[in-house]
Amino acid sequence: MTETLDALLSGFAIALTPTNLLWGFVGVTLGTAVGVLPGVGPALTVAMLLPLTVKLDPTGALIMFAGIYYGAMYGGSTTTILLNTPGESASIATALEGNKMAKRGRAGPALATAAIGSFVAGSISVVLLTLLAPIVVEVALRFSPADYFALMVFAFVTVAAVLGSSTVRGLTTLFIGLLLGLVGIDETTGQMRFAFGVPELLDGIDVVVLAVGLFAVGEALYGAAYQSRVKEKIERLSGSLMMTRDDWRRSWPAWLRATGIGFPFGTIPAGGAEIPTFLSYAVEKKFSKHPEEFGHGAIEGVAGPEAANNASSTGVLVPLLTLGIPTSATAAILLAAFQNYGIQPGPLLFQTQGALVWGLIASLYIGNVLLLILNLPLIGLWVKVLAIPKPWLYGGILIFATLGAYSLHQSVIDLVTLYVFGLLGFAMRRWGFPVAPAVIGLILGPLAETQFRRALSISQGDPSVFFTSPISASLLALTAALIVVPWIVRLSRRKTQPTA
Amino acid sequence: MRSAAGARTELVVAVGVLTLGLFALVTALSLPSSGGYSGIGPNAIPIAVASGLAVVGVWLLIEALTGGWRARTSDHPEERGEHAFHAPAFAWVTAGLFAQMALMHTAGFVLAAALLFACVARGFGSVRPVRDGTIGVVLGLAVFLFFVKFLNVGLPAGWLRPVLGGAGI
């Protein structure tokens, strides 16, 4: 306990140096901006900035990336409330009540409860992260390669098959991501795989090109083809931002309940904030003394989901930092940022890179305070950002997207690959294939293969190692159950129904 | 309801995924299998991944042939809150990206970026190419100077080399 406190205090000493404070500020400001802007998300932004890691010191760069990551959660609520086009699935629940409040001229209190709720949930979650991380690290240090492999398989299946509307489409993009991750030289044996003699493929597919292609180019092609002629209505931010005494009374229990829902959901490898935000919405609807207001702008329906969203996004950092398991697309790209510096997140990170990881955690405390200031008194600025015309917004996005891909190797080949992945992203968006499993597969796949081969090396080729370790065996059994149980339920339901 | 075109697309996508899976499987099977202590070689995981892709390809095909994909995205743009496929918009964005690829190493980063910006803006319905191009030049120039002067990342100066001096590559 005191050890954790000492580590955290030394982390603050690192995070509070002027340079790192500046990187944190740049990160949360950029994060809020990309959260506000429709069509740009934190995964894309961090991916576009990844080539910069060559130029920046790791602590500063990672503090900036983390700032972008949770700054986007704050900014996203502004767009959802004022524009009613949720930028990401985690904001859909907020849109239900938030935009109704804005239409009734209550945009101010809606934005305020979202920002303050995000701050409360974010801050409590960072405290939980601080307390939980050392405990998880203790446990994780005992994990064998077989256990790690099983954990990664579990993460693959939850991200691809359990979340999202279609199991098979999630698995399709997961396997495409895994396949792309295999391209290049095999690290263990030096064998070329899926490179077909093309020299550009020997180093493998770069995550920047895949993520930026899928998210930015795919999104721009889709937006132009299907949305560019749709008129959008931005609700005006009129009246006071102040929440009434009644607003406060109704908001704070929702914030706390939502933190309790969101954080645990973030920590288990079932990434994504979609489930906890909807769960929080349902809970608030059930507990509310004003259930009749739901659907017409109930403040609890904004306070809860927004807080749950932030709590779960902080929770995602627990498996990322302590186990090296990313459970969302953004977390996968953050993992790639660590790898660019030759650092592998996991239990050893807390021993070998203690200063960096605790500096990063301390920066989250500071970042939440900065974001509260950025998102309440300065909200007018972000409303103006929201009003940037779409032609210029997407023109700008593509300049930065192509810049990110081009600056990897100063090569036009990367721009061609970028467009190919853009077409893939367009098709995936059009036919409802989720993007996140592809990105997670590309990044986590090679790590899973390494653990798999390491496990079999230790057991001298005996595959029973995956079933004799209790951790590995239970994780693999759980994974199998996640796929098989829904099938059995569906089949038995079909049997009980009389066939017409 | 699934339109005839939608049903055909589902079949095409499913066959495409299956073909990719089988192609990857054939490639994976040609990899060496010697694996030292672990007993598995560099071909093991590729075979597993390729087989997985082929299996989901078959799965997609079965769903497509038995009433269509489950929980599918609507074929009707208005149900998605969107308009019908607007081919010129798609083409303008594509043209901008290809123009940038073609011009990057001749005209240089700034001019290529400006043309990209103007084309994309046109695709999103802007009808003032001169204004858009000017904004594109200003944005491209700002990015160029920040990257080249501040971050020391090389970007091609191209035709603007006389103006930008020795900056860039």
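Residues numbered from 1 in each chain as written. Chains lettered and ligands numbered in written order. Predicted model: local features only at pLDDT ≥ 70, side-chain atom pairs only at ≥ 80, totals over all residues.

Thoughts on the overall build of chain A
Then step 1. When its secondary structure is counted, chain A shows 22 helices and 2 strands.
Then step 2. For 500 residues, the compact-globule formula gives about 23 Å, and the C-alpha radius of gyration of chain A, at 22 Å, lands near that figure.
Then step 3. In terms of overall dimensions, chain A has C-alpha extents of about 70 × 60 × 60 Å along its principal axes.
Then step 4. Taken across its 500 residues, chain A has 61% of its residues classed as buried.
Then step 5. Summarising the internal contacts of chain A: among those between residues at least 6 apart in sequence, 81% fall at separations of at least 24. (Helix = DSSP H or I, 4+ residues; strand = E, 2+ residues; numbered from the N terminus. Rg over C-alpha atoms; globule rule 2.2 N^0.38 Å. Buried ≥ 20, exposed ≤ 12 C-beta atoms within 10 Å, placed from the backbone. Contact = placed C-beta atoms within 7 Å.)

Details of the overall build of chain B
Then step 1. Along chain B, the regular secondary structure elements total 6 helices and 0 strands.
Then step 2. If you list the helices and strands of chain B from N to C, you get α-α-α-α-α-α.
Then step 3. Taken over the C-alpha trace, chain B has a radius of gyration of 24 Å; the compact-globule value for 169 residues is 15 Å, which it surpasses by more than 25%.
Then step 4. Structurally, chain B occupies a C-alpha span of about 60 × 55 × 20 Å along its principal axes.
Then step 5. Here chain B holds 169 residues, and the buried ones make up 38% of them.

Some points on helix α8 (residues 167–182) of chain A
Residue and element names in this part refer to chain A.
Then step 1. Here α8 spans 23 Å end to end across 16 residues, near enough to the 22 Å set by a 1.5 Å rise per residue.
Then step 2. A large share of α8 lies buried, amounting to 16 of its 16 residues.
Then step 3. Gly-184 occupies a position one or two residues after α8 and carries a positive phi of about 115°. (Expected span 1.5 Å × (residues − 1).)

Brief notes about the interface of chain A and chain B
Then step 1. In this complex, chain A contributes 53 residues to the contact, which on the side of chain B involves 59 residues.
Then step 2. Secondary structure elements with two or more residues in the side of chain A that touches chain B: α8, α9 (207–227), α18 (390–409), α19 (412–430) and α20 (436–458) of chain A.
Then step 3. When residues in the side of chain A that touches chain B are grouped by element, the largest group, 12 residues, is from α18 of chain A.
Then step 4. For the side of chain A that touches chain B, the class distribution of residues is 28 nonpolar, 17 polar and 8 charged. (Nonpolar A, V, L, I, M, F, W, Y, C, P; charged D, E, K, R; others polar.)

Digging into unusual backbone geometry
Residue and element names in this part refer to chain A.
Then step 1. Phi is positive for Phe-194, close to 55°, though the residue is something other than glycine.
Then step 2. On the secondary structure map, Phe-194 appears in the loop between β2 (192–193) and α9.
Then step 3. You can call Phe-194 buried: it has 22 C-beta atoms within 10 Å.
Then step 4. The phi dihedral of Gln-460 falls on the positive side, at around 55°, and the residue is not glycine.
Then step 5. Locating Gln-460 in the fold gives a position in the loop between α20 and α21 (465–468).
Then step 6. The exposed category is assigned to Gln-460, around which 11 C-beta atoms lie within 10 Å.

A word on the packing of α9 of chain A against helix α3 (residues 87–103) of chain B
Then step 1. Relative to each other, α9 of chain A and α3 of chain B sit at 150°, their axes nearing to 7 Å. Our classification of the angle between α9 of chain A and α3 of chain B gives roughly antiparallel. Like other packed secondary-structure pairs, α9 of chain A and α3 of chain B cross with a definite hand, here right-handed. Together, Ala-220, Leu-221, Ala-224 and Ala-225 of chain A of α9 of chain A and Ala-89, Phe-90, Trp-92 and Val-93 of chain B of α3 of chain B make up the contact between the two elements. (Axes fitted to C-alpha atoms, helices over the stretch in contact; angles between N-to-C directions. Parallel < 35°, antiparallel > 145°, perpendicular 65-115°, else oblique. Left-handed = near helix turned anticlockwise from the far one by under 90°.)

A word on the domain arrangement of chain B
Then step 1. By domain assignment, chain B separates into domain 1 (4–80) and domain 2 (87–164).
Then step 2. Here the C-alpha centre of domain 2 of chain B lies 38 Å away from the C-alpha centre of domain 1 of chain B. (Domains from an automatic or database assignment.)

Section: the nonpolar core
Then step 1. With 219 residues, the main nonpolar core has Val-46, Ala-47, Met-152, Ala-211, Val-212, Ile-333 and Val-439 of chain A as its most contacted residues.
Then step 2. Taken domain by domain, the makeup of this core includes at least three residues from each of domain 1 (4–80) and domain 2 (87–164) of chain B.
Then step 3. Not counting the four nearest positions on each side in its chain, Val-212 of chain A is found in contact with Leu-44, Ala-47, Met-48, Ala-401, Gly-404, Ala-405 and Leu-418 of chain A. (Core = buried A, V, L, I, M, F, W, Y, C linked by C-beta atoms within 7 Å.)

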